[in-house]
Structures are given as structure tokens and as C-alpha cells.
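# Chain and residue survey
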Amino acid sequence: MAPLSASSSLPMQTMRTPVLAFSLCLLCLLTTMVYFLWASHQQAVNSAKINTDNLVQVLETRVAADFSRVDGILSFVADEVRTQGLWSRTPSESLLPMQKRLANLIVDFPAVAGLFIFDADGQLLLSSDPEWRPFSIADRPHFQRLRANPSLKHVFSDPLVARATGKWALVQSLAIRNADGELIGVVNALFHLDDLADDFAKLDVGDQGRALLRRSDNFRLIFRTPYSSVQEQDINQPIPPSNAVRRQIEAGVSAGSLRFIASTDARPRLASFRVLKKYPFYVQVALADEDYLADWYRQVAWVSVFAVVLMVLFVLFIMRMKRDELRIEQANHALAYRQGLFSALFEQSSLMAAIVDSEGRLLEVNSQALTVLNGQRERVLGATLVDLPCWPQVEQQAALQRLLIQAMQGQLATIDHLNITLPDRQIEVMLHAIPVQLAEQCLVAVTAIDISALKASEAELQEKTHALEHSNAELEQFSYSISHDMRQPLRMISSYLQLLRQSLGNQLDEDQQQFCHFAIDGAKRLDAMLIGLLEYSRVGRKGEPPVWIESQEVLQQVLLFLQPMVRESGAQITVQGEWPRLFASPDELLRLLQNLIGNALKFRVAERVPHIEIRAVVGDGMWSVSIQDNGIGIMPEQAGRLFQMFQRLQSRSAYEGTGLGLAICRKIVEHHGGRLWVESAGEGLGSCFTFEIPYLTEMTLESVKENQ
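Residues numbered from 1 in each chain as written. Predicted model: local features only at pLDDT ≥ 70, side-chain atom pairs only at ≥ 80, totals over all residues. Heavy atoms only, no water.

### Here we look at the nonpolar core
What counts, and what does not: We call a set of buried Ala, Val, Leu, Ile, Met, Phe, Trp, Tyr and Cys residues a nonpolar core when their side-chain atoms join them within 4.5 Å. Working definition: with a 1.4 Å probe on protein chains only, accessible area under 20% of the residue-type maximum means buried, over 50% means exposed, and in between means partly exposed. Runs of H or I in DSSP of at least four residues are treated as helices and runs of E of at least two as strands, each being numbered from the N terminus. We call two residues contacting when some pair of their heavy atoms lies within 4.5 Å.
In terms of nonpolar packing, the biggest core is built from 60 residues, with Phe-67 and Phe-281 touching the most fellow members. When residues of this core are assigned to their parent elements, the largest contribution, 18 residues, is made by helix α1 (residues 12-84). Those residues in contact with Phe-67 that lie beyond four places of it in its chain are Phe-156, Leu-170, Gln-172, Phe-191, Leu-276, Tyr-279 and Phe-281.

### Overview of empty space enclosed by the protein
Formally: Detection works on a 1 Å grid of protein atoms alone, calling trapped sets that fit a 1.4 Å probe cavities and calling open sets with protein on both sides within 12 Å along at least five of seven lines pockets, with lining residues defined by an atom within 4 Å of a point. Grid points are joined across faces, edges and corners, and a volume is the space filled by probe spheres set on the points. Polar here means any residue outside two lists: the nonpolar Ala, Val, Leu, Ile, Met, Phe, Trp, Tyr, Cys and Pro, and the charged Asp, Glu, Lys and Arg; Gly therefore counts as polar.
Counting across every chain of the model gives three cavities of 30 Å³ or more. The computed volume of the largest cavity comes to approximately 180 Å³. Together, 17 residues line the largest cavity, and Met-352, Ala-369, Leu-385, Trp-391 and Ala-448 are the ones closest to its centre. Split by residue class, the lining of the largest cavity holds 16 nonpolar, one polar and no charged. The volume enclosed by the second largest cavity comes to roughly 130 Å³. For the second largest cavity, the lining is made up of 15 residues, of which Phe-135, Ile-137, Val-171, Asn-188 and Leu-190 are closest to its centre. At the level of elements, β1 (114-119), β4 (160-161) and β6 (183-192) are the ones that each hand at least two residues to the lining of the second largest cavity.

### Thoughts on the sheet that holds strand β10 (residues 268-275)
Applicable threshold: In short, DSSP must find at least two bridges between two strands for them to pair. Fitting a line to C-alpha atoms yields each axis, with helices limited to the stretch in contact; the angle taken between N-to-C directions then spans 0 to 180 degrees.
Strand order in the open sheet formed by five strands is β8-β7-β11-β10-β9, and the pairing between neighbours is antiparallel. What marks the edges here is a single partner per strand, and that holds for β8 (221-225) and β9 (255-261). For this sheet, the mean angle separating the axes of adjacent strands, direction not counted, is 20°. Pairing of strand β7 (residues 210-215) with strand β11 (residues 281-288) involves six bridges; the strand directions are antiparallel. Along β11, the bridge assignment pairs Arg-215 with Phe-281. Running at roughly 45° to β8, helix α4 (residues 193-201) makes contact with β7, β8 and β11 of the sheet.

### Examining unusual backbone geometry
For residues other than glycine, phi is negative in most cases, and the peptide bonds are mostly trans. Its identity is not glycine, yet Glu-607 carries a phi of approximately 60°, on the positive side. Relative to the elements of secondary structure, Glu-607 occurs in the loop between α16 (586-602) and β20 (611-619). According to the relative accessible area criterion, Glu-607 is exposed, its value standing at 87%. The phi dihedral of Asp-620 falls on the positive side, at around 55°, and the residue is not glycine. In this structure, Asp-620 sits in the loop between β20 and β21 (622-628).

Any functional reading would require information beyond the geometric quantities listed.
Next comes the structure, spelled out in C-alpha cells:
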């Protein structure tokens, strides 16, 4: 069979194109973000370098200016000392005015904590503060250097604890010499390290930034910021020869920038340094990466989040595309499978099938149709269905045309029977037309079923049904006649036997009396069996028709009828469960319950109080009723015989009955579309009789009637 339309499989290339385009866009965007972060990092580093360069230049200028100003003060004091010859005067004559002058020189210079004048032996002669007690600096290294080297004029001490104040300080000393170059005294300026550090702390170097002052000759630390007593252990500590700053200064570099990881806290920093030109110090400012790159780190975080979101979206997009691709592939496989299945079903079907377009032309026919039409596919395809030679009569063509028009209008159309004229015979078919919407085409699928054999079977079945109905009617009439008409002679026999026994009276001996009794009793039992047979034949035929009844009311009537047996036996009866409104025959349901409950009362064990439990349950569309007793019970293998006609499991002398009660119960239940069964563990262990019949509500009953 040729396909009706082109394959609907989508090429996978159309699915991969948007994935490739999206991937390229994502790659370009990620590359742009990486370049942006790199450029931003470079800008942050360059800005930090410029910032450290500016800050260290400011520090270098400020420190050099302070030292230069102190140089001027010290030179002025030294000239005053040489000019006035203070060494030969008493304090009352000249030292006290000079002391006031020293105090006035530093009153506007808070960086200098004090000025001191010492003699050639290092003894304090005069200071800017009269409260300071005399002390000696003869053991100080900076004083010893001035005294040992006549050519040395200025020196700076290493950080030391000042004897005047007890604080860490830096001393700037100027030698006072006579005309012969002999040391006659020293004038010192005292800088407290915490005061110097306060100036450094005013610089904005961030939370983890550092600024420091070191000697450039021995690389000992003067102080670093933030300054605290905790760092006093680092004062005067030199940096190792491997230090990058030290190597550059020793190489003659006076200013520069570099990145390093600090040995004190292991933080990476960017630092700039400058060596003071006239003094043996250098200043250094370092910014921590976490400070000057803080904005860049935030940018990295945001860009990373954005990149992760993009990647997640990309992954979701890929997963969605893969899922769609898988669905399309599965749909293509399913379509191919359905096409193959349709082709196989269409070709191998035992039905005659054809596909017709909107103008009634044949687009496709299966092999079965070609076989019946005795034609070739090429000659049949394209022909109009109505114009085929198998429809010679105008009535056939008109019916077929109406079928196609109805299907073209979107409705299911059927012709129950239509004759097809073939060259060698004539067959009767049933036609179905189904509208098929394919893309923008409206087609019709036409199937034809050869019902010739079916029609013949229907006629034969109808004939046999009539014969069976006639036979059943005769059997019912025969059964009624046997059970009804035969009772009259039987009653006559029983009556004349009783009259004969009465008339003979004492003439009959004991055996003859017993023979008469057996004959009369047999006639009575035969009459009871005929009555039971009559009742059995009337089930479903002469009873009341099904109506809506209350099952609870029927049960109450049954218990009322059985009340004498209940009082006689002292039975205890319990009723449980659901007793709904039923659609059933009232007299048959009453007889069913009366027989089953009556049997539970009747077949009891002597000297045992009967306990009967009646339980009703509604479920799965069925109403089930169980009657459980503690009576004589039955052997499980004998359960099948109970519901047969005239079958008794107990002797007639022990329990009266005809053997038709349970057979009638079974017929009543089956007449209502249900089933009846018994369960017992054995003799003397009681029995449980259960029946179930369909439970129909008024709504479901109406639905059943409509379907019928």
C-alpha cells in the first residue's frame, strides 16, 4: 500500500540548528564576561597602583619635610649654644631663658615630643620640659657614633624607649662641635612613634592596608600602621635579604611598586615604596587585594551567578531540546509503526476496504476488495466508487451516494445490507463509511463486510429459536399438566385408601394397617412432590414481575412468618449489614429468604439452641446475603447435590421435605441474574448459605434500559 502523504518525520538538523546558535551566543556572552572581568581586574590593579604611588609620595614628602624642619630647629639650637657659650654659665644666668626658647620652638610642631641639649659626656644640660629629670645618653649608639666620628654631623637612632618619657621613640641628633671639630655637645629631637603613626594612620589604605617606615640602611622597622603595643615586638626587626623591596633598594632603586604575600598575615598586597633622598629611611604603602579588589570580587560574584544562571538555562534548554528530539523520534517511530500497522491491517484484513477522496474517487483499495471485484489495482484506482460495475442498479448507486455524502459531512454512515452483483454470484454486504481528516484533505474510509453467510445463519437461528420456544412451551405445559392434572387421581387414591381402612376397621391386622399407612403416606408425599414441581415450574413464569421493593420490609415479613418455628426452637437471630431498595420480584425474594432461613431453623442439632446470623453487603454492583447457622452442617464434597431436584442428604424420618426447596432457591437467584452457594466445615459444624444478585439503582436501571 502506498503512503497517502509524505512522511512527517522532522530532520534532526532542524533541531540541532537552534542548539548550535544558542551555544555560540552563550560562548560569545561568556567570552565577553570573561574579558570584562579581566579588563575590570586590570583597571582595579592599575587604580590601586596609582593610589599607592600617590599615597607613598605624600608620605615621603611629609616625613622628609618633618625631618628637614627638625634639622633647621636643631641647627638653630646648636648655633645658639655655640654663640652664647652656655657651657660656662650657671643655669640662673642663661639656661632658663634658653629652656623657654626650646619649648617655644616645638609648641607648633606636635610631631616633636621634646628637645634636649647634652654635653660632650652625654649628660643632660637642658630640655624643653623642666619636669624631665637629668639623665645620660652616653650609652646610646647614636651618641657614641657622633662622638666616635668627628666628620659625622647628623644621625638618627634606631627606635628606642625614651628615658625622658618611657615611650618608644625615634631620636634625631645633631653634633655641636668647636672650631677644632671637637664634640662639645649634642642637641636631640625626640619623635614618639605613636605620634608619627597617627599621621600614617590618617591615610586611607583600607581595612587590611598597611603603611610603614623603615630605615634604608639597615632595613630595621621603625613602625607600621595600624600601630599598637602588640607590634612592639616587631620594632627594630630587619627584613630578610630575600625581600623584594630590600633587593630593589640595595640595587639603587629609589621608588617602585610590587605585589607580594605578607609574611605577617599571609595576605596578598600591592605596595609602593619611596626612599627619602636626604635621610636613611623609606616609606611604604600597601593595599590588600581584598580591599582594592572588593568591587571586582562583587562583579565576579554577580557575573558568576549570571553565568551559572545562563549555564543552567542552557542545560535546561539542551535537556528540553533533547527531550523534544526524543519525543519527535519516538513520534516518528510510532508514526512509522502505525503506518506499517495500518498498511498490514488494511492489506491483510478480511474486510473489503477502500479510501475515497471528496469526489468519490478511489485512492486505495485492499487485496480483499480487489479479489471480490476481480480487478487490478491500476485499473481500479482513480475510478469513481459509485460507477463500479458491481452496482448496476440505480437504487444501489443512490444508497451508496448518500453514504458518501453523509460521511463527507463528518458523520458515521452505515448501510445495513446492500447487494453486490459479481460475474458469478451475488453477495450481500454491510457498508460502513468513516470520515478521515488528513491534513487539509477530507477522505472517507469505506469498509464492506460480506454478511451473506451471516444472514443465512440468522435465518437458521431464528427458525431454531422458534422451534425451541415452541418446545419449551410444550415442556412447561407438560410439567404443569403432570404436577396439576395428576394430583386429582392421586388424591382419589389417597381418599379411597383412607375410606377402605376406616370401613374395614378392626378386620385389618397390624401388618395390613401398616401397609395402608405406607400407601396413604406415599400418596401424600407424591402429592407434595407434585406441588413442589409445580412451584418450581412457576419460578420466573407465574411470579410477580420485578418492581422496586424495600429488602428490609421483605426480611421482616419472612421473620414474621417463621416466628412459630423461632419460638419453638428458641433460636437467636441477628441481622446485620445493608438492606437497600431493590428491583426484584417480591414473592420470589420472600420465598428465597423464607426457604434459606427456614432451613437454618429446621436442620438444627438436637438440644442445641440455633444461632442464626443474617448479613447483607453491597459491593462491586452486587447485593450479597449470607445466612450462617450452627446446625447439622454438610460434608463439603456433598455441597453440589444440595441444589439439584429431589436430592436429600438427610433421612426423611429425621427431617421432612421434598428435596425441591434449595433447587427452587437456586432457580430464583439465577432468574435474578445471580448465584447461590454453600460453605460448611463438615457435619455438625454449621453451614453458611450465600446468594448474590445484581444491585441496580434507579439511575443504573434507566441506563441499562437505554442501552437495550
